[in-house]
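The primary structure of each chain is shown beneath.
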Amino acid sequence: LFVCFVVTAHATNMRAEQANLQQIQELVLQASGHGDTTSTDHYQEDYDSVEIWGATANYKWDMTDSLTFTSITNFAKQEKQQSLDVDSGPAPQFIVANESEHTWWTQEFRFNGSSDRSKWVAGFYYLNIDAEYIAGLTDTIGGFNVFGSSPPPFGAGPAPFGNPFLPPADAGLISDLQTDSYSLFGQIDYDITDQLTGIFGLRIIQEEKEFSYTNRLYPNLDDRTVDVNQAPLAIQFPVPSFDFFPPFEDSTSDTLWSGKIGLNWTPNDDLLVYGTVNRGVKAGSFNAPLLTFLTPDQYGYDEEVLVAYETGFKSTLFGGKARFNGAFYYYDYTNYQIFQFIGTSGAVFNADAEFYGIELDIAANPFDDFDIMLGFSWIDATVEDVNVALGLSRDVEPTFTPEYQASGLARYTWPALLVGGDLALQMDFNYASEAFYNINNFGTHEMDSYVVGNARLTWYHPNDKLEMQFFVNNLADEQYQNIGFELSTICGCDERSYGRPRWFGGRIRYSF
């Protein structure tokens, strides 16, 4: 019915629409390049910027030989603005722009003490964050103009869903989140025997949050900014549908806790065997989606609670020439916080999850000037009962979590006889099996496995002040994906970003 309505309403403009689309297709063919090369027209000179400044004060007082008081005060402020061509195509369509200002300061008071058989720490921690955020999905001036259509200077022709008298629009959101967090914490490591140490820790947290959010349509008068300083279209053109997301405000006050119980056993100087049970917590917060509908109960999400069981060992072998470490863990999540991409943005939701994993690593120096390191990990992770589509829930894998990972490094150093100093050749690699970039785990969301290898040759001057290096990264020119976005509800497509191809360069470092 919707399609029929659109065709009927714009039947008189069909020829102009087809001509416009043909021009766009010709532009795509001319500008898109070949293979992995794409030309785009998105350029915002002197727009993207990040400005950060801060100050820290650290005071330490040795009250006695076994008791120390420490005060750490930190204040920081960040101002950022960024823009991104959403579709990365050669023709202008949509731009996401955001501007934010974050101010935060922390205060920690800590006491550290020790006795013949114990070490302990206790203290108070305060965190305050003031986060103001503005973002907009801009229907660019001169672009496809799907929100509205008008003659210049506003638009570029007919719009399939728009009103012929409206300018292009920004779907602008404004959000403000105030956070106050207070914590009391303490931990003691107690030597039960000369070989057995018990670890006991506890943290109590009071978390206060205040949140406000609006998402409305604004006339786009400048592609470089999110025009939320203009009157919304719902006011300029009294059409209720333009104010499509009602304003939302809420506040929370939560008492949270985390803790730790552990045992360390050292039967000799070359072996440590340990076991721990940790309860961790990540506070809940609020969603501020861009042009994405959420029900009132979906704006907020709950705290994530993790009970982590881990056992493992750390060992030294062959008279100190090798170190071999291993660990097995089980993570039990309640209200695991998942990020789910919906529409034109994402939101965080809660679901339970279970992770099992093994990690092994070895570092060895089999003979002088030669070092090798190898690492391996396996993880079986499941997020339970995730709503992946309307009326469909199922168990899925968490995002960016390959089942297998491996890494390795070999480095050999020898004297540089002709020029003096030392030369060092290093080869390393990283492997990751398949993983998903979207929690829905559809077939198009899967990223293939990959192996990336690197090499570098470094010369060290005899006085250790000068260092020269030549490197080649991604030796095999592996094509591997590092992130992706599903835009099926917007353009019927996915966007994928890939890592760098083979590249090489050099570095010179001098220490004064």
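Fair warning: this is a prediction, and the values are worked out from it, not measured in the lab.

### Thoughts on the overall build of the protein
1) Next: In terms of regular secondary structure, the protein is built from 3 helices and 24 strands.
2) Next: Here the protein holds 512 residues, and 35% of them are scored as buried.
3) Next: A separation threshold of at least 6 residues defines the contact pool for the protein, and within that pool the share at least 24 residues apart is 63%.

### A few points about the side chain of Ser71
1) Next: Along the chain, Ser71 turns up in strand 2 (residues 67-85).
2) Next: Among the residues examined, Ser71 registers a relative accessible area of 12% and is labelled buried.
3) Next: Of the polar contacts made by the side chain of Ser71, one reaches the side chain of Gln107; its length is 3.1 Å.
4) Next: Each residue touching Ser71, except ones within four places of it in the same chain, is listed here: Ala57, Asn58, Tyr59, Gln107, Glu108 and Phe109.

### Here's the deal with the pairing of strand 5 (residues 169-191)
1) Next: Direction of pairing for strand 5 relative to strand 6 (residues 196-219): antiparallel, over a ladder of 23 bridges. Among the inter-strand pairings, Ala169 is bridged to a residue of strand 6, identified as Pro219.

### Let's talk about the packing of aromatic side chains
1) Next: All told, the structure shown has 26 aromatic pairs when counted by the stated rule.
2) Next: Ring plane angle 20° and centroid distance 5.9 Å describe the contact between Tyr309 and Tyr330, whose orientation is recorded as stacked. With a gap of 21 residues between them, Tyr309 in strand 11 (residues 304-317) and Tyr330 in strand 12 (residues 322-342) connect regions that are remote in the sequence.
3) Next: Looking at Tyr309, the relative accessible area reads 39%, which means it is partly exposed.
4) Next: Given the relative accessible area of 18%, Tyr330 is considered buried.
5) Next: Taking the centre distance of 5.2 Å and the plane angle of 80° together, the rings of Phe471 and Trp503 count as edge-to-face.

### A word on the nonpolar core
1) Next: Judged by nonpolar contacts, the single largest core of 38 residues is most densely connected at Tyr213, Tyr336, Ile338, Phe355, Val383 and Val386.
2) Next: Listing elements by their share of this core, those giving two or more residues are strand 4 (118-139), strand 5, strand 6, strand 7 (245-268), strand 11, strand 12, strand 13 (345-367) and strand 14 (370-389).
3) Next: Setting aside anything within four residues of it in sequence, one finds Val383 in contact with Tyr336, Ile338, Ala351, Asp352, Ala353, Arg394, Asp395, Val396, Glu397, Pro398 and Ile439.
4) Next: Core analysis: the next-biggest nonpolar cluster, separate from the first, contains 5 residues, Ala97, Tyr218, Val226 and Val228 among them.

### Observations concerning a negative patch on the surface
1) Next: On the surface, a cluster of negative charge is made up of Asp380, Glu397, Glu403, Glu434, Glu446 and Asp448.
2) Next: With respect to the element layout, Asp380 can be found in strand 14.
3) Next: Look at Asp380 and you get partly exposed, because its relative accessible area is 37%.

### What about the confidence of the model for the protein?
1) Next: Of the residues in the protein, 81% have a pLDDT of 70 or more, and the chain-wide mean is 84.
2) Next: In this model, residues 1-22 is a region of pLDDT below 50 whose contacts with residues beyond four sequence positions or in other chains number 10 contacts.
3) Next: In this model residues 144-162 is a low-confidence stretch, pLDDT under 50, and it forms 65 contacts with partners more than four residues away in sequence or in other chains.

### Focus on unusual backbone geometry
Glycine aside, the phi torsion of most residues is negative, and most peptide linkages are trans.
1) Next: One non-glycine residue, Asn335, adopts positive backbone phi at about 60°.
2) Next: Relative to the helices and strands, Asn335 is located in strand 12.
3) Next: We classify Asn335 as partly exposed; its relative accessible area is 24%.
4) Next: Positioned with a positive phi, Asn474 is a non-glycine residue whose angle comes to about 55°.
5) Next: With respect to the helices, strands and loops of the structure, Asn474 is situated in the loop between strand 21 (466-473) and strand 22 (481-487).

What counts and how
Residues numbered from 1 in each chain as written. Predicted model: local features only at pLDDT ≥ 70, side-chain atom pairs only at ≥ 80, totals over all residues. Heavy atoms only, no water. Helix = DSSP H or I, 4+ residues; strand = E, 2+ residues; numbered from the N terminus. Buried < 20%, exposed > 50% of the residue type's maximum accessible area, 1.4 Å probe, protein only. Contact = heavy atoms within 4.5 Å. Polar contact = N/O pair within 3.5 Å; in protein donor to acceptor, adjacent residues only side chain to side chain. Pairing = 2+ DSSP bridges. Phe/Tyr/Trp six-rings, centres within 6.5 Å; stacked < 30°, edge-to-face > 60°. Core = buried A, V, L, I, M, F, W, Y, C linked by side-chain atoms within 4.5 Å. Patch = residues over 30% accessible without salt bridge, like charges linked within 9 Å, V, L, I, M, F, W, Y side chains within 5 Å. Areas by Shrake-Rupley, 256 points an atom, 1.4 Å probe, with all protein chains shown as cover. Salt bridge = Lys/Arg side-chain N within 4 Å of Asp/Glu carboxyl O. Lys, Arg positive; Asp, Glu negative; His and termini not counted. Charge placed at Lys NZ, Arg CZ, Asp CG, Glu CD. pLDDT = per-residue confidence, 0-100.

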